[in-house]
Each structure stands twice: as C-alpha cells, then as structure tokens.
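# Geometric and topological summary
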Amino acid sequence: MLAIEIRKLALSHFAVAFGAFALAAVMGFYQVLERSDLIPALQSPGVYFASVSTHGVLMAYVLTTFFIMGFGYVTAVSSLKMPLWNLKWAWIGFWISTVGTGLAALPLLLGRASVLYTFYPPVQAHALFYIGATLLVVGSWFWCVIMIAMHRQWKEAHPGEPVPLPMFATTANAILWLWTSAGVAAEVLFQLVPWSLGLKDTVDAGLARTLFAWTLHPIVYFWLIPAYIALYSFVPKAAGGKLFSHELGRAAFVMLLVLSLPIGFHHLYMDPEQSAGFKLSHGALTFLVAVPTLLTAFTVTASLEMAGRSKGGTGLFGWIGALPWRNSMVLAGILAAAMLVLGGFGGLVNASYAMNAMVHNTAWVAGHFHLIFGGTTIIMYMATAYYLWPHVTGKPLGSSTLPLVQLWSWFWGFVILTTAWHILGLLGQPRRISTVTYNSPLTFAWDPYILTMVVGGTVLTFSAGLFVYILAKSYRQPETAPIQADEIEYAESLDPVTRVHPLLNGFRVWNIAIAVLMLVNFGYPIAQFFLIKTFGSVAWGY
Amino acid sequence: MHIHPLERRWIYVVLAVIGIFLLAIFYTAIARNIHPPSHIETIDSASLHLSEEFAEDKLGVWTQPDGTIKVTLVAARYGFYPREIQLPAGTQVTFRIASADVLHGIHIPMTNMGTMVVPGYVSEITTTFPKPGEYPMLCNEYCGLGHDHMWSKVTVVAKESWPAAPNAQPVRR
Ligand code: HEM
Ligand SMILES: [Cu+2]
Ligand SMILES: [Cu+2]
C-alpha cells in the first residue's frame, strides 16, 4: 500500500489532470458540432477559437503534465521502494503548476487568449496567459529535480545494480522535459512576456517559431513515455507474462531521449526563416526516432505473444485470441498498439521532407495527433489510472466491465474521428477553421466526412464522460471492501536483471550527446537571427 | 548487453526499412532537387507599401522575359492580394509572398503550392500547375477570428490562351 502522503499527492495531481480533461472533452464536442455547421445558432468564431485554445492547452499541457507528475511520484516510490525525497518540494511544484493553470485559464475562458495552444506571435494574448503557462512549466521542474535526485540516491545506495526499468524511463523523461522546455521557456521569458507587458515593442516571429520548434517535437515524447512505461511494465504483467527484454527497453528510452530533441524543424519544413540544409538534417534524424518505437513494438508484442502462448494460444495468430482481452490494461495495450500502427504510418508522411507539403496544416494533422496523442497515449493513461486508482484511493474500482466499454468506445471514437480528418486533409481542408466559407466545388466532397467527424466526436465525449464517472464513482464509494492487490507490480524481465552496462543505467554521457546534437542542429539556426538584419513585428489582436 | 537472436533480426529489419526511407528522401532532395520553401530573406512587414516589390501597384502576375511567371502577393487579414489571379497551366510559376501583419499559411488544395508566410520574411515557392481549373487559395494557419474567410481565387487557364510577351504592369484579371 502506498504511504498516505503519496496517495494524497498523486490523487491531487490526478484530480487536476482529469478535471481538466473532462472540461476539455466537452469543449471538443462543442467544436465538432460548431465546425459541422449543423446548428446555425452555435456559429461563432469568437467562442470557437476561445474553445479550441482552451481545449488544446488543457489536453496538451494540463492533463499531460499533471498526470505525468502524479504517475512519476508513484513510480519512484513503488519501483525504488524508498520514501519520496522532498515531499515539500513536490507540493510546492504542484501548487505553482496549479496556480499557473488557473491564471492561464482566466484569459482563455474569457476569450482574451484565443491564440491556440501554439500561441504563435505576433498575434498577442493577455500577459496572464503567458505568465500562467510559464508557472505551469516551472512547477513541473520541481518534479524533474525530484525524479533525478531519487534516481541518483537509489544508485548510490545500490552500487552496480540496475535501476528498475520504470524508474529509469521516468528519469529519462524528467531529463527530456528539462531539455525540451528550455526552448519554449526562452521564447516566453525573453520574447513574449516582455512584449505582452509592453516592455518590448516588437518580437521576431521567425525566432519565436524556431524556439517553439525546439520544444514542439520532444514534448510529444514527454507525453508518450509514460504510455510506453505502462506498455513495458504493466501490460506484460497484466497479460500474465514477462517482459521479453528489459535491456532493449532501456536502449529504447535512451534513444527516445537523445533523438527526439534535435529534430524539431520537421514542424518548420514549410517555413521561410530556416534553410533547406538544416531542415534536411532534422528530417533525417526524425526517421531515426522511429527506431525506438519499432523496438518497443517488438518487445511488447513478443511479451504478449509469450503470455498468449502460455495461456494455450497456438498458431501464428492464435495467441492473440488467448490473451485476457477483458483485462483493461491488456485491452488498452492492444488498442494503443493498433492506433500507433495507423498513426505511425501517417507520421511517416508528415515527417517526409517532400511529402509533408501535401498535408501541412490540413485536417490530416489534427487527425494524426488526435490518433497518436488522444488515442495511443491517452488510452494508456486511462488504463494506468484504472490500475493505480485502488492504490491511490484505497478503494476498489467500482466496476470491471465499464472500463472495457470505455476503452473500446475511446478507440472507435478516435478511429471514426481521425479517419474523417485524414481524408478531409487529403481533400485539402485546412485545420483550425470554425466553418467552411470557401466558395469552391471542392468543398462538396468534404460534407460526408464532416458528418463522420460529428459521430466520432459524440462517441468520444460519451467515453470521456464514462471515464470520469468510473473514477469518481469508485472514489466516492464508502470505505468497505478491502482492495485486492496491495503492491503496485511491474513486469519482470525474462532474463534476470542483475547487471546492465553503465550506459543503460545513467544519463551523463547521453546528456553530453544531446548537448552536441542540439548545438549542431539548433546553434546556427538560432544564432542567425542575431547575425542577419531582421525585422520584428508589433503586437496584433485577433 | 544480451540481445536475443530474434531481436537482432528485428533490429536489422528496422535499420533496413529506415535506411530505405532515408535513401528515398535524400534521393528526392539531392538528385531531384525537391526542397520545401526555405528562402531566408527578411523584409520589414510594417512598410511593405513602400517596398520595391510589394507595394500595392506591384502585386500580381508578371510574365518574365524567359517565359516563366512570377507572382507577387501580400498576405494580410483576411485575404491574399490581389484577391483573384490567372495563371497558365504547364508553366513554371514562382510565388513571392510577404505578410503585412501576422502569421499566415498559403495552400492551393490538390496542388503542392504551399508555404508558411511569416511576418518579417519573404516566402518563395516555385511550382507548375498541370491542370486548368478554378482553385481556392486558402489560409491554413490561424491568423485571427476572420481566418475562416481568408482565401483568394486562382484560375489556371490553358497555356495556349496565355500571352507569351513580358508585361510592364502586373496582370490582375
Ligand atoms: C472528446 C474527444 C475530443 C474531441 C471531440 C476533440 C475535438 C477537437 C477539435 C474539433 C479540434 C479542432 C481541430 C482543428 O480544427 O484543428 C481539437 C483540437 C485539439 N485537440 Fe482535441 N478532441 C478530443 C480529444 C482530445 C484529446 C484526448 C487530446 C489530447 C490529449 C486533444 C488535443 C487537442 C489539441 C492539442 C488541439 C489543438 C489543435 C490546434 O490548436 O490546432 N483532443 N480537438
Ligand atoms: Cu514533431
Ligand atoms: Cu489564416
């Protein structure tokens, strides 16, 4: 059983995460309806863009950051079997992030920060939005420090022993997040905050986009790594098997850390302020970051196959049917993998230096990241929440069937929604529009898919509601029945974990590698803005 | 490090697949010279009206002495100016675009004509339209509450009905 103070800490983080999620899901539903033009009374670009901005910020920054922090604290104490280092700092971090979220939410909800979650200048939001977002990130840095410190303390107390895989991955994520957030932090602190407070007249939009691109790619791995941790540590165990290989898993997390950082320019392929050479260099490394994901796919599939065969599954595919599909963790793992395959294919198109032009900023992009992020990543967050819930609340999960209904509907909702968006994108519909005004026959072809989008959005909203309902209901039941498992259990590895190479047990060398790669791929592209004559932009409303 | 023989085989497969992707990308980039618009050229977006190239009377379609076409456009909330242009099919067209205000994106659906338009920078993109027809040229980056309405019209006409001689004034239709 987790110590009471850890339970409180984790529960507080999850409450903010899933509260934000519930609000954002309702907004998502409003958005698909508004965009469909089915209900004329709903039409309003002002409300729509305030909503998309809030939905994006809540889903991408608040849900993720708070879930990752809460999960990280639980992972640290339960996998290292040591008390939390510095509970006080953990709470300070929590409150800084929470206050930041509140401060940013005010202008967002009042329509004073309708700049979308990417907040590209020179469209300017209320200063409170930038300050709140900064505090959200600053609070999460406390978490990073605690994770890194606990990793180090455990290693000092256990010389030569391998750090447990889930903690190794969590530490990789904490280090990743420190590197990742540096880009956007520089943009906000040196450019946007002084400019929105009127201390600076202009801002260089090209530099701002370059700094944001520093963050924009690795941040998706910050979100994804907890899902991978669940795939490596919870799914094989839940299927009744073992992890095929923990060493390859470690190698995968190291690669995710090192390779996801120097590749952000694939978000700037279509931009004028960076040169083709650097774009190509980022583009090539982008393909390498597929390697750890493909290794993960292998290890997790192999682990599941062993589990399925041990349960009597035979033949090439028979083991799949033999898996315990009624276990929510196993089900989520399978559905996450299915969405990852579909979304990974789309990602290859996005990442392609030349092909990207076809889909850039079309509805395809919204389809792609809802599938991989909303789908693969969040479905693993959900299964993890179901698994951890009894441990952090001390009460059993109210139902074992409802979570299955919820996970299946989350999957089908995203299949429907994102298939429509992918097709709309190929048919030329841009992302980020609130209605279709183009007077062109081309738009007739869009209509059926716009309706499909509403169907998918409806299924998803139902599923999101069910998720929050299951958690709330379980939390609010009277404290009676004892919970089944009292320890959080991580999958064991097939071969015993006795020694690993020091490179797969720590991060010093990898930090140096990152520094070199970042210098090569971002050094000159950032310096150029100070070497050539550039022209800043004054602030614009929206 | 222990690597299972199956893992080793999978790693080879993965590296081969990634290698093929990379070869394809470097081939199109280097041998076929296909690059995304990457033209680092700065401009003062606040004084486009005074610039040689993007002043209002300079915007539009120019036939160059070598028969190719140059189009100068200004992206400003909420349209691409001039709002309507005509272009010949099967001819090389170079667009040069500057923003007068915020970030925009330009895209002609079903073609590969697209680029971001960042204030302070000139975007340049060269393409050829194979098929005559009417195309919307729309903004694909959020630029404000009127973003939905930001689009202009491009009519691509058959090459035969296009005058070959260079023009002294931009053509606006
Ligand atoms: C109830 C389920 C959901 C629905 C109905 C929904 C719907 C939408 C819609 C209609 C948009 C506008 C897309 C555009 O025009 O570009 C949007 C944007 C967005 N969604 Fe969702 N969404 C849902 C769940 C999620 C989840 C789970 C995540 C991630 C955790 C997510 C992340 C985002 C982000 C980051 C944006 C901002 C995109 C931008 O600014 O371009 N959404 N969503
Ligand atoms: Cu990316
Ligand atoms: Cu726009």
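This structure is a prediction, so every number in the text was calculated from the model and none was measured. (Residues numbered from 1 in each chain as written. Chains lettered and ligands numbered in written order. Predicted model: local features only at pLDDT ≥ 70, side-chain atom pairs only at ≥ 80, totals over all residues. Heavy atoms only, no water.)

## Some words on the nonpolar core
As a reminder, the rule being used: The set of buried Ala, Val, Leu, Ile, Met, Phe, Trp, Tyr and Cys residues whose side-chain atoms join them within 4.5 Å is what this entry labels a nonpolar core. Relative accessibility under 20% of the residue-type maximum defines a buried residue, over 50% an exposed one, and the middle range a partly exposed one, all with a 1.4 Å probe and only protein chains included. Helix and strand definitions here come from DSSP, where helices need a minimum of 4 consecutive H or I residues and strands a minimum of 2 consecutive E residues; each element is numbered from the N-terminal end. Contact criterion: two residues are considered in contact whenever any of their non-hydrogen atoms come within 4.5 Å of each other.
If you look at the biggest cluster of nonpolar residues, it comprises 205 residues, and the most contacted ones within it are Tyr61(A), Phe119(A), Phe129(A), Met380(A), Leu87(B) and Phe95(B). Sorting elements by how many residues they give to this core places helix α2 (residues 45-80) of chain A first, with 17 residues. Every residue in contact with Phe119(A), bar those within four places of it in the chain, is listed here: Tyr61(A), Phe129(A), Tyr130(A), Val184(A), Glu187(A), Val188(A), Leu192(A) and Phe212(A). The next biggest cluster of nonpolar side chains, apart from the first, holds 16 residues, and it includes Leu280(A), Ala290(A), Tyr353(A) and Ile25(B).

## Topic: the coordination of the iron atom of ligand 1
Residue and element names in this part refer to chain A. Basically, it comes down to this: Think of the donor list as every N, O and S atom within 2.8 Å of the metal, or within 3.2 Å for Na, K and Ca; water never makes the list, so a site can look incomplete. Four donors are marked tetrahedral only if all angles between them lie between 85 and 135 degrees, whereas four are marked square planar and six octahedral if opposite donors are more than 155 degrees apart and the other angles lie between 65 and 115; the remainder are marked irregular.
Protein-derived coordination of the iron atom of ligand 1 comes from His55 (NE2) and His370 (NE2), at a distance range of 2.0 Å. For the iron atom of ligand 1, the six donor atoms are set out with angles of 86 to 179 degrees between them, so the coordination reads as octahedral. Residue His55 is located in helix α2, and its partner His370 is located in helix α15 (residues 363-393); the two are separated by 315 residues in the primary sequence. Under the relative-accessibility criterion, His55 is labelled buried at 13%. A relative accessible area of 18% places His370 in the buried class.

## Here we look at the domain arrangement of chain B
How we decide: Domain start and end points were adopted from an automatic or database domain assignment.
Considered domain by domain, chain B is made up of domain 1 (1-35) and domain 2 (45-172). Taken over C-alpha atoms, the centre of domain 1 of chain B sits 38 Å from the centre of domain 2 of chain B.

## Details of the pairing of strand β9 (residues 133-139) of chain B
Residues and elements named next belong to chain B. Rules: DSSP-based pairing: two strands are paired if at least 2 bridges between them are found.
For β9, a buried count of five out of seven residues is recorded, marking the element as mostly surrounded by other parts of the structure. Alignment of strand β6 (residues 104-107) against β9, held across two bridges, turns out to be antiparallel. The partner of His107 across the bridge, within β9, is Leu138. As paired strands, β9 and strand β10 (residues 151-157) are joined by six bridges and run antiparallel to one another. Note on β10: the bridge partner recorded for Leu138 is Trp151.

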